[in-house]
Amino acid sequence: METFQSLLAKKLSDGLAAAGLPDAGELTPATDARFGDYQTNAALVLGKQRGENSRDVAKKIVEHLGVDDLCEPPAIAGPGFINFTLRPGVVAEKTASLLANERLGIAKTESPRRIVIDFGSPNVAKPMHVGHIRSTVLGDALARIAKFLGHDVIRDNHIGDWGTQFGMVIYGWKNLLDQSALQQNPLAEIVRIYKETNALAISDAQVRESCRQELVKLQAGDKENIDIWNECVAFSMQDFEHVYELLDIHYDIQCGESFYNDRLPGVVERLLKSGIAEISEGAVVVFFRDIPELADKPCIIRKRDGGFNYATTDVATVDYRLDHLKADSVWYVVGAPQILHFKQIFEIAGRQWGYKADLRHITFGSILGEDRKLMKTRSGENVPLRELLEEACRRARKIIEEKNPDLSEAEKIDVAQKIGIGAVKYADLSQYRMTDYVFSWEKMLSLQGNTAPYLQNAYVRIRSIFRKAGESAPKIDELTLGSSAEITLAKRLCQFAEIVPQVLNDFRLNILANYLFEVANSFHAFYEACPVLKSEEPARSSRLALCDLTGRVLHRGLDLLGIKVPEKM
RNA sequence: GUGCCUGUAGCUCAACUGGAUAGAGCUUCUGACUUCGGAUCAGAAGGUUGGGGGUUCGAAUCCCUCCAGGCACGCCA
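Residues numbered from 1 in each chain as written. Chains lettered and ligands numbered in written order. Predicted model: local features only at pLDDT ≥ 70, side-chain atom pairs only at ≥ 80, totals over all residues. Heavy atoms only, no water.

1. Structural notes on the protein's contact with RNA strand B
Lys303, Tyr310, Tyr432, Arg461 and Tyr527 are the nearest of the 72 residues found near RNA strand B. Protein-proximal atoms of RNA strand B, defined as those within 4 Å of the protein, fall in sugar or phosphate at a share of 56%. In the model, a base oxygen of RNA strand B is placed 3.2 Å from a nitrogen or oxygen of the Ser280 side chain. With respect to RNA strand B, the backbone of Tyr432 contributes an N or O atom lying 2.2 Å from a phosphate oxygen. Mapped by element, the contributors of at least two residues to the surface near RNA strand B are helix 2 (42–50), strand 4 (81–84), strand 8 (283–286), helix 13 (339–353), strand 13 (437–438), helix 17 (452–469) and helix 20 (509–529). (Near = heavy atom within 4 Å. Polar contact = N/O pair within 3.5 Å; in protein donor to acceptor, adjacent residues only side chain to side chain. Helix = DSSP H or I, 4+ residues; strand = E, 2+ residues; numbered from the N terminus.)

The following block contains the structure:
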């Protein structure tokens, strides 16, 4: 289904051709309601290119434009903008057609790709903490949107289940383990022995050496150490699963670092053989002499002592994803500190695979505490994600008790989870991913402003109308949009199909969040101005249909963000 | 030292990638309720877009240069 934007863009293109002008500029939603619904700067761009007066060019374009079936006569404004205002009848027609459209007008992509999305990636022997929220929540939402648009998505959890920290964990396991504590809270005990060993190792060279030995034995396949490692991984996975359950986030595959272990020697060999890597100071290194920004930043893929490092694993991972999973695209939702690392890895992959694949590092900012520093507990520790999510549900529950004590116990539990988890996710998704943001319970759980509960509440009100009416959405194929509030809302709903694909341009979830906020806003304005159940036909059915469509857009939009909606709250 | 990211209203954030008079929310102030869930709506106030140059019809956005904060820069991940 075509959107107004794509229809107008086509008509503009035709108009330019008819006027003997090349394609230029763009057709975008109007920056301000005063200017109508859509605008184009084509005349400004062409005027500049050809050294002509832009308003004259605009006049010429408008003369050749055939948009009467969609718009009022286009207006030329300012330095030469051409503004388009949709005719109400056209909006009504379009909106009515969305009612019968399962996908709410959102077209599937014309070029579906297989996309591996690497997100979350917690470390074994460490609890998931607040720092994992952004990667996990962003990655999940991107996966949902890409899938809905028709891409073939593989969600991969690249768990940190291998590496030098295991030397310490195994040393701690053998020397410091408290069995009863392990029974009670396995992960906490593993974290404890890891931390204690770490502290010991700092001051004691003997311990350091022992840890190194344990690591060597593990990597050599020593049975006892492998068993310990397996147990640690299993315990950690249990903790992860609990968090994923709470978040309702699930993976297609979970190929952790250890998955690639036996591929590492082959990776290095191949890179050496092809001349991409070379030996330098005893290590195997890839240089990027022809790329100025990387010229003095080589990447080590095998250490002087013969050991492999995380760069080796990441090269093996790209290989696997491109060669075995047949990915056209790989999206890494990983924090900004690893920018340089991924530049190197992508370049290595490009040299090896001919730069065919689209590899993206999707970075994001940090979550800060109220003190504007990295969010930590009072004692300076990372905030465990599980506790944070549970607190979110607790706080949501408290608000529900105040506002709607009559809900049943089962409903309260369900609603508290949807609101609490939704609030945490939305706080993250509703802002530009690159900026740091301040974590605030009050703000994210507020029922006012751009928050999940506000959006959920708009949905709940719509459900309430239908409960009260005791009927479902009417099946009608014509809408009567009498008031400006109705027209504004309808136009807004038509934009859903324009917004969703746009999110993937630069992985900006916040534009979808902002859009949904505007929908809720327009709905509330409509709700104030237009009685639904008390109005006369045909307005009544038309308004009910508008409510239904709004509810579906909110439901679907929040679903694409990974946020659930309750029926009551 | 070099490179990358960030800097927008008192606070939290937008601005569709160069468009028109930089927009929301919170807070504050003023209005609207025997309400389909007021958990709302309408309005007001609030700005030298970190500073200074430059590019052009037009800059928060691009270039240069400072300032502030963060991150990264051969054998950690």
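2. Some remarks on helix 11 (residues 264–273)
Residues Leu264, Val267, Val268 and Leu271 constitute the buried set of helix 11. Looking down the long axis of helix 11, one finds its buried residues gathered within 95 degrees of arc, a one-sided arrangement. Looking at helix 11, the residues exposed on the side facing more than 90 degrees away from the buried face are Glu269 and Lys273. Residues of helix 11 that are buried in the fold lie against strand 7 (277–280), strand 8, strand 9 (299–302), helix 12 (310–324) and helix 13. Positive phi shows up at Gly275, right after helix 11, with a value of about 80 degrees. (Buried < 20%, exposed > 50% of the residue type's maximum accessible area, 1.4 Å probe, protein only. Arc of directions from axis to C-beta. Contact = heavy atoms within 4.5 Å.)

3. Here's the deal with the pairing of strand 7
Both strand 7 and strand 8 contribute to a ladder of 4 bridges, which runs antiparallel. Within strand 8, the residue paired with Glu278 across the bridge is Val285. With antiparallel pairing between neighbouring strands as the criterion, strand 7 and strand 8 make up a hairpin whose turn holds 2 residues, including Glu281 at a positive phi of roughly 50 degrees. (Pairing = 2+ DSSP bridges.)

4. Brief notes about the environment of Phe287
Looking at the element boundaries, Phe287 is found in the loop between strand 8 and strand 9. Separated by 232 residues in sequence, Phe287 and Arg55 place their C-alpha atoms 54 Å apart. Beyond its immediate stretch of four places on either side in the chain, Phe287 contacts Glu278, Ser280, Pro298 and Arg351.

5. Notes on the sheet that holds strand 9
Ordered by their spatial adjacency, 3 strands build an open sheet running 7-8-9, and the pairing between neighbours is antiparallel. Pairing within the sheet leaves two strands with one partner each, and these edge strands are strand 7 and strand 9. Strand-to-strand twist in this sheet, taken as the mean axis angle between neighbours without regard to direction, amounts to 45 degrees. As judged from the 3 bridges shared by strand 8 and strand 9, these two strands associate in the antiparallel manner. The residue of strand 9 that forms the bridge with Val284 is Arg302. Helix-sheet contacts for helix 11 involve strand 7, strand 8 and strand 9, and the interaxial angle to strand 7 is about 95 degrees. (Axes fitted to C-alpha atoms, helices over the stretch in contact; angles between N-to-C directions.)

6. Considering the nonpolar core
Counting 155 residues, the largest nonpolar core has Ile61, Leu388, Phe496, Leu512 and Leu516 as the members making the most contacts within it. With 11 residues, helix 10 (residues 223–247) is the largest single contributor of residues to this core. Ignoring anything within four residues of it in the chain, the contact list for Leu512 reads Ile145, Phe496, Ile499, Val500, Val503, Gly557, Leu560 and Leu561. One finds Val116, Ile276, Ile345 and Leu359 within the second-largest nonpolar core, a separate group that totals 34 residues. (Core = buried A, V, L, I, M, F, W, Y, C linked by side-chain atoms within 4.5 Å.)

7. Details of the domain arrangement of chain A
By the assigned domains, chain A splits into domain 1 (4–86), domain 2 (165–247) and domain 3 (256–362). Put simply, the middle of domain 1 and the middle of domain 3, counted by C-alpha atoms, are 47 Å apart. (Domains from an automatic or database assignment.)

8. Comments concerning the sheet that holds strand 11 (residues 358–362)
Strand order in the open sheet formed by 4 strands is 6-5-10-11, and the pairing between neighbours is parallel. Strand pairing shows two members of the sheet lacking a second neighbour, strand 6 (152–156) and strand 11, which therefore form its edges. Neighbouring strand axes in the sheet, compared pairwise and without regard to direction, differ in orientation by 15 degrees on average. Sheet topology places strand 5 (residues 114–118) next to strand 10 (residues 329–333); 4 bridges connect them, and they run parallel.

9. A closer look at the packing of aromatic side chains
For the coordinates displayed, the defined rule picks out 15 aromatic pairs. Between Phe523 and Phe526, the ring centres sit 5.9 Å apart and the planes meet at 45 degrees, which makes this aromatic pair tilted. Of the two residues, Phe523 and Phe526 both sit in helix 20, 3 residues apart, roughly one turn of that helix. Given a relative accessible area of 0%, Phe523 falls into the buried group. Looking at Phe526, the relative accessible area reads 0%, which means it is buried. Connected via pairs of aromatic rings, a cluster forms that spans Phe119, Tyr244 and Tyr251. Above the ring of Phe35, the side-chain terminus of Arg34 is found at 5.2 Å from the ring centroid. (Phe/Tyr/Trp six-rings, centres within 6.5 Å; stacked < 30°, edge-to-face > 60°. Lys NZ or Arg CZ within 6 Å of the ring centre and 35° of its normal.)

10. Brief notes about the confidence of the model for chain A
When pLDDT is low, close inspection of the predicted coordinates is not appropriate. For chain A, per-residue confidence averages 91 on the pLDDT scale, and 100% of positions sit at 70 or higher. If you check the scores for this complex, the pTM reads 0.95 and the ipTM reads 0.93. (pLDDT = per-residue confidence, 0-100.)

11. Some points on the packing of helix 11 against helix 12
Running from N to C, helix 11 and helix 12 point in directions that differ by 85 degrees, and their axes come no closer than 9 Å. Compared by their axis directions, helix 11 and helix 12 come out roughly perpendicular. Taken together, the residues of helix 12 that come into contact with helix 11 (itself represented by Leu264, Val267, Val268, Arg270 and Leu271) are Thr312, Thr313, Val315, Ala316 and Asp319. Across the contact of helix 11 with helix 12, the residue classes tally to 6 nonpolar, 2 polar and 2 charged. (Parallel < 35°, antiparallel > 145°, perpendicular 65-115°, else oblique. Nonpolar A, V, L, I, M, F, W, Y, C, P; charged D, E, K, R; others polar.)

12. Some points on the side chain of Asp239
For Asp239, the position within the fold is in helix 10. If sequence neighbours within four positions are ignored, Asp239 has contacts with Pro127, Met128, Leu187 and Arg386.

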